[in-house]
Amino acid sequence: KSSSSDHPSAPSASQLSQVAAAIKSLLRQPDYDDGSAGPVLVRLAWHSAGTYCKDTNTGGSNGAGMRYEAEGGDPANAGLQHARAFLEPIKAQFPFITYADLWTLAAVVAIREMDGPQISWKPGRTDFTDDSRIPPRGRLPDGSKGADHLRWIFYRMGFNDQEIVALSGAHNLGRCHSDRSGFEGKWVNNPTRFSNTYFRLLKMHDWKKKELANGMEQFVYVDEDLEPEEQEEETLMMLPTDIALLEDPSFRVWVDRYAEDKDLFFRDFAAVFAKLLELGIRRDKDENVVNEENLADGYRS
Ligand code: CCH
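Residues numbered from 1 in each chain as written. Predicted model: local features only at pLDDT ≥ 70, side-chain atom pairs only at ≥ 80, totals over all residues. Heavy atoms only, no water.

## Digging into a negative patch on the surface
There is a patch of like negative charges on the surface, built from Glu227, Glu229, Glu230 and Glu234. With respect to the secondary-structure elements, Glu227 resides in the loop between β4 (217-221) and α9 (228-234). Taking the relative accessible area as the measure of exposure, Glu227 reaches 47% and is therefore partly exposed. (Patch = residues over 30% accessible without salt bridge, like charges linked within 9 Å, V, L, I, M, F, W, Y side chains within 5 Å. Areas by Shrake-Rupley, 256 points an atom, 1.4 Å probe, with all protein chains shown as cover. Salt bridge = Lys/Arg side-chain N within 4 Å of Asp/Glu carboxyl O. Lys, Arg positive; Asp, Glu negative; His and termini not counted. Charge placed at Lys NZ, Arg CZ, Asp CG, Glu CD. Helix = DSSP H or I, 4+ residues; strand = E, 2+ residues; numbered from the N terminus. Buried < 20%, exposed > 50% of the residue type's maximum accessible area, 1.4 Å probe, protein only.)

Printed below as a string of structure tokens:
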């Protein structure tokens, strides 16, 4: 066997199942948001990977750069310290797992526990030991923009239009927080259960532009049949980027298909989320991660 097979940080299958069990048991958080850590854990994994640039092969989920101020303090990552804090006891209990593996595995476990698809995931990511390889800010999407922006951001990672729409279906989960992104509210009524409801609501409702107190614009749907207090409670929202999926003809094809066919959405989401988590990660034929340190040691895959 080549030396690369003895990857120092690759945990065994039984070690990983212990970590997965521990992640499952922390998902229920009665005092946090909608009672689950799941949605914010999914966003942590996505933002850790979504910095990838295929032309320069920089960014991506290897490294866990959000532990450093340069990335963790990016306003685009506001609120994700909660996700990292939820996972800290697991890292303490299982020091053999890297942060980069833990953050990505947590999302995969959370999605499955929230009734979503099983997503394939591989260990072996390493953690940066300084902030010298952290990608520049500005690589994550801005919710106030439109279809051109989405393409500019996601094409850079190597995704196509269908994959952009499938990934966006993650907005079935969780909510916007006015003190994090400045947007406010949730996309679906049950934001801790993974499904294709986001696509169905996107098509079904007559979304109205609303200016928030902070001057930001989002889209809302208000059920006029409800009492005013109930309306406040039940108001659902969409970001301008979500509405762009509805209005752009090439994105719209996939909104329609995913709204109709939950199984297709689950299959496509599982494939594209697995791809997201592997961006920028090079593996040898034994699936071990090839990183700059072992390349520097003369390693060849
Ligand atoms: Fe997202 N997302 N996201 N998103 N997102 C937000 C919350 C979540 C955009 C903007 C926002 C993806 C794509 C996009 C989740 C998963 C994914 C928020 C609210 C904004 C704004 C943040 C806050 O205030 O806390 C934009 C723009 C895009 C462009 O495509 C993709 C891709 C994924 C995953 C596959 C999840 C989950 C949340 C909920 C987080 C929570 O804390 O509840």
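## Brief notes about the coordination of the iron atom of the ligand
For the iron atom of the ligand, the protein contributes exactly one donor atom, His171 (NE2), at 2.1 Å. Here His171 lies in the loop between α7 (161-168) and β1 (175-176). (Donors = N, O, S within 2.8 Å, 3.2 Å for Na, K, Ca; no water.)

## Points about the pattern of salt bridges
In the structure shown here, the tally under the stated rule is 16 salt bridges. A salt bridge links Asp248 to Arg151; the nearest nitrogen and oxygen atoms lie 2.7 Å apart. With a gap of 97 residues between them, Asp248 in the loop between α10 (240-247) and α11 (249-260) and Arg151 in helix α6 (residues 147-157) connect regions that are remote in the sequence. Like Arg151, Asp248 is buried. Between Lys275 and Glu163 there is a salt bridge, with the nearest N and O atoms lying 3.0 Å from each other. Pair noted here: Lys275 is in helix α12 (residues 262-278) and Glu163 is in helix α7, with a separation of 112 residues, a long-range link. Assessed through its relative accessible area of 12%, Glu163 is described here as buried. Among the charged side chains, a network of salt bridges with common partners joins Asp101, Arg125, Glu278 and Arg283.

## Here's the deal with the packing of aromatic side chains
Overall, the coordinates contain 17 aromatic pairs when judged by the stated rule. Judged by centre distance (5.6 Å) and plane angle (5°), the ring pair of Trp46 and Phe154 falls under stacked. Of this pair, Trp46 sits in helix α2 (residues 38-49) while Phe154 is found in helix α6, placing the two residues 108 residues apart along the sequence. Of the residues examined, Trp46 reaches a relative accessible area of 16% and is grouped as buried. Take Phe154: its relative accessible area is 6%, and that puts it in the buried class. Summarising the aromatic geometry, the rings of Tyr198 and Phe199 are spaced 5.0 Å apart at their centres and angled 70° between planes, so their arrangement reads as edge-to-face. Phe199 sits in the buried class, given a relative accessible area of 0%. Here the aromatic cluster, defined as three or more aromatic residues joined through ring pairs, consists of Phe194, Tyr198, Phe199, Trp254, Tyr258, Phe265, Phe266, Phe269 and Phe273. Against the face of Tyr99 rests Lys91, its NZ or CZ located 4.9 Å from the ring centre. (Phe/Tyr/Trp six-rings, centres within 6.5 Å; stacked < 30°, edge-to-face > 60°. Lys NZ or Arg CZ within 6 Å of the ring centre and 35° of its normal.)

## Looking at helix α1 (residues 13-26)
The end-to-end C-alpha separation of α1 is 20 Å, in line with the 20 Å expected for 14 residues at 1.5 Å each. When α1 is considered as a whole, its buried residues turn out to be Leu16, Val19, Ala20, Ala22, Ile23 and Leu26. Down the axis of α1, the buried set is contained in an arc of 160°. They therefore lie on one face. Summarising the geometry of α1, the exposed residues directed more than 90 degrees from the buried face are Ala13 and Ser25. Those residues of α1 that are buried are in contact with α2, α4 (80-93) and α5 (99-113). (Expected span 1.5 Å × (residues − 1). Arc of directions from axis to C-beta. Contact = heavy atoms within 4.5 Å.)

## Overview of the site of the ligand
Near the ligand, the surroundings consist of 25 residues, among which His171, Gly174, Arg175, His177 and Ser181 are the closest. Here an oxygen atom of the ligand sits 3.0 Å away from a polar atom, N or O, in the main chain of Arg175. The separation between an oxygen atom of the ligand and a polar side-chain atom of Ser181 is 2.6 Å. When each cavity is represented as a set of grid points, the ligand is found to reside in the largest pocket. Looking at the shell around the ligand, the elements that each hand over two or more residues are α2, α6 and β1. If you tally residues by element for the shell around the ligand, the top one is α2, at 5 residues. Along the lines of polarity and charge, the residues of the shell around the ligand split into 15 nonpolar, 6 polar and 4 charged. No fewer than three residues from each of domain 1 (7-140 + 273-296) and domain 2 (147-268) sit in the shell around the ligand. (Near = heavy atom within 4 Å. Polar contact = N/O pair within 3.5 Å; in protein donor to acceptor, adjacent residues only side chain to side chain. 1 Å grid on protein atoms, 1.4 Å probe; cavity = no way out; pocket = protein on both sides within 12 Å on 5 of 7 lines; lining within 4 Å. Sits in = over half its atoms within 2 Å of the grid points. Nonpolar A, V, L, I, M, F, W, Y, C, P; charged D, E, K, R; others polar. Domains from an automatic or database assignment.)

## Points about unusual backbone geometry
Positioned with a positive phi, Asp33 is a non-glycine residue whose angle comes to about 40°. As for its position among the elements, Asp33 is in the loop between α1 and α2. Note on Asp33: relative accessible area 37%, which makes it partly exposed. The phi angle at Asp115 is positive, at roughly 75°, despite the residue not being glycine. With respect to the helices and strands, the residue Asp115 is situated in the loop between α5 and α6. Judged by its relative accessible area of 42%, Asp115 is partly exposed.

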